[in-house]
Structures are given as structure tokens and as C-alpha cells.
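One letter stands for each residue in the lines below.
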Amino acid sequence: SQWGEENLQALSIQEGEDVTMNCSYKTYTTVVHWYRQDSGRGPALIILIRSNEREKRSGRLRATLDTSSQSSSLSITAAQCEDTAVYFCATHRNNNNRIFFGDGTQLVVKP
Amino acid sequence: DTTVKQNPRYKLARVGKPVNLICSQTMNHDTMYWYQKKPNQAPKLLLFYYDKILNREADTFEKFQSSRPNNSFCSLYIGSAGLEYSAMYLCASSRVTGQLYFGEGSKLTVL
């Protein structure tokens, strides 16, 4: 990726399991985006977490942000088949308009 | 309406020929981005416009051109396509330090 040290992962889990994807970044930021990309589509934002929010929830999604360790995580509770997608984190470098993506995680949820 | 539209969705080009990709958004966003996405890789930031100011990444500076004749419209121009340009090109728009809204992408195949 252009900035991140996120481990490129391919994760395969069973429906109903929980899963966590991690992301680390090198430069100062106050916001981390998480996007999912379905095959043949553009990425879509699923959750955005700011530095004043150590944790943020949206339905079965939970994002955390630790600015001291420059890392963020995205958890999905009770994964469903429709959660199968590629998940990326992204952040603004030094809080300007430049937004860079981490390597992403290919998540496959099997029935 | 949060739609970002890209044209064409699919483009076949010969090596050495020019390519022009088009993007439009109706959300009055101040920033428009172009990313290059190859299989199993993260989207790579090529350039972005903040208002009328073009910012190009250092490693793609000479390979891609762009124009933004008005707030809603942005193009990506490749003067002489090479095989390595085959990729999905993603356009996105946002307000400053806000989430990215992506189009469906333009898949370029260079032969």
C-alpha cells in the first residue's frame, strides 16, 4: 500500500463467527475510514472513526482506534455470507486531502 | 443523491494510444480523486483536485493528467497507454477530510 503496514490477509470463516481485521498506519491522522468493496463495485464507506472516539459501533460492525499505537481494527460480529467482500482501511496523511488505503483483507464467509 | 458516475465502465485501448476517463458528481464536493486499483492490491492514489488545484502523487506525476472544468466534472487522461496501465480506475469525491464517495469504476484493458 502507499502508506500502511496493514497485513494483506485472506480470511475465511464460517457464518456466525466473529472476525477482526487490523490496520496500522505511519503518519499522524485524526480519522480512519473503513471501506468494503464488493466484486465489480467501487469501495463504499462502512464506518468512520475519529481520534476522539476510541470505539464506534454500527450494527454488527465495531471499529476501534488507538492513536498512540497508530492502529485501528474492524470487527464483525456473527458474520453472514453477505459480509463476503474486501475490506480496506484508509486515512488522511497529516490530515490533508490525501487519502491513502491499506492493503485490505479479503473476507470470505462460508455458509 | 450521493452518486458518482464514471464513463466508460469498460475501455479497451491499444498500447501507445491515449485514454480519457470521465467522472461526475452532483454533491457539490470540493475534492475529487482518481485511484488506480489492480487485482489483490489496495487502491493507489494517483491525483486529486481540491477545488481547482490539482495535486499529483510524485510517482505518477508524469503518467497521468487531469482536468476539472467545473465543480462536478473531472477527467483522467493517459497520453500513451502502456500494458502496465491496465487496471480499474476509481473516481471518488468528498468534502475536506470527509468520507470518499466512489463511482463504479472504469476498467481499462490495454492490449
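So, here is what we can say about the structure in this document. (Residues numbered from 1 in each chain as written. Chains lettered and ligands numbered in written order. Predicted model: local features only at pLDDT ≥ 70, side-chain atom pairs only at ≥ 80, totals over all residues. Heavy atoms only, no water.)

Here's the deal with the pattern of salt bridges
Applicable threshold: Counted as salt bridges are all cases of a side-chain nitrogen of Lys or Arg within 4 Å of a carboxyl oxygen of Asp or Glu. Relative accessibility thresholds used throughout: buried, under 20% of the residue-type maximum; exposed, over 50%; partly exposed, between the two (1.4 Å probe, protein chains only).
All told, the structure shown has 8 salt bridges over all chains when counted by the stated rule. Here A:K56 makes a salt bridge to A:E53, at a shortest N to O gap of 3.9 Å. Classification of A:E53 by relative accessible area gives partly exposed; the value is 23%. For the salt bridge of B:K44 with B:D59, the shortest nitrogen-to-oxygen distance reads 3.1 Å.

Topic: the interface of chain A and chain B
Selection rule: Should any heavy atoms of two residues lie within 4.5 Å, those residues are considered in contact. Note: buried area is the sum, over both parts, of the accessible area (probe 1.4 Å) each one loses when the two are combined. Going along the chain from the N terminus, every DSSP run of H or I of four or more residues is numbered as a helix, and every run of E of two or more is numbered as a strand.
Taken together, the 24 residues of chain A in the interface contact 23 residues of chain B. For the chain A and chain B pair, buried surface summed over both sides reaches about 1,800 Å², with 56% attributable to carbon and sulfur atoms. Linking chain A with chain B are 2 salt bridges, by the criterion used here. Sorting the residues of the side of chain A that touches chain B by element identifies β3 (31-37), β4 (44-50), β8 (85-92) and β9 (99-101) of chain A as the ones contributing at least two each.

Things to note about unusual backbone geometry
For the bond from B:N7 to B:P8, the omega torsion is -10°, close enough to zero to count as cis. Residue placement: B:P8 occurs in the loop between β1 (4-7) and β2 (10-13). With a phi close to 50°, A:A78 is a non-glycine residue in the positive phi region. Within the secondary structure, A:A78 is located in the loop between β7 (71-76) and β8. The partly exposed category is assigned to A:A78, whose relative accessible area is 31%.

Some words on the state of the cysteines
Definition in use: Two cysteine sulfurs form what is called a disulfide whenever their separation falls within 2.5 Å.
Under the definition given, this model contains 2 disulfides over all chains. What pairs with A:C23 in a disulfide is A:C89, and their sulfur atoms sit 2.0 Å apart. Across the S-S bond of A:C23 and A:C89 the torsion is about 75°, and the bridge reads as right-handed. Taken together, the positions of A:C23 in strand β2 (residues 19-24) and A:C89 in strand β8 put the pair 66 residues apart, joining distant regions of the chain. As far as the burial class goes, A:C23 and A:C89 line up, both buried. The partner cysteine of B:C23 in its disulfide is B:C91, sulfur to sulfur 1.9 Å. Because the torsion about its S-S bond is -75°, the bridge between B:C23 and B:C91 counts as left-handed. Of this pair, B:C23 sits in strand β3 (residues 19-25) while B:C91 sits in strand β9 (residues 87-94); the two residues are 68 residues apart in sequence, bridging distant segments of the chain. Like B:C23, the residue B:C91 is buried in the burial classification.

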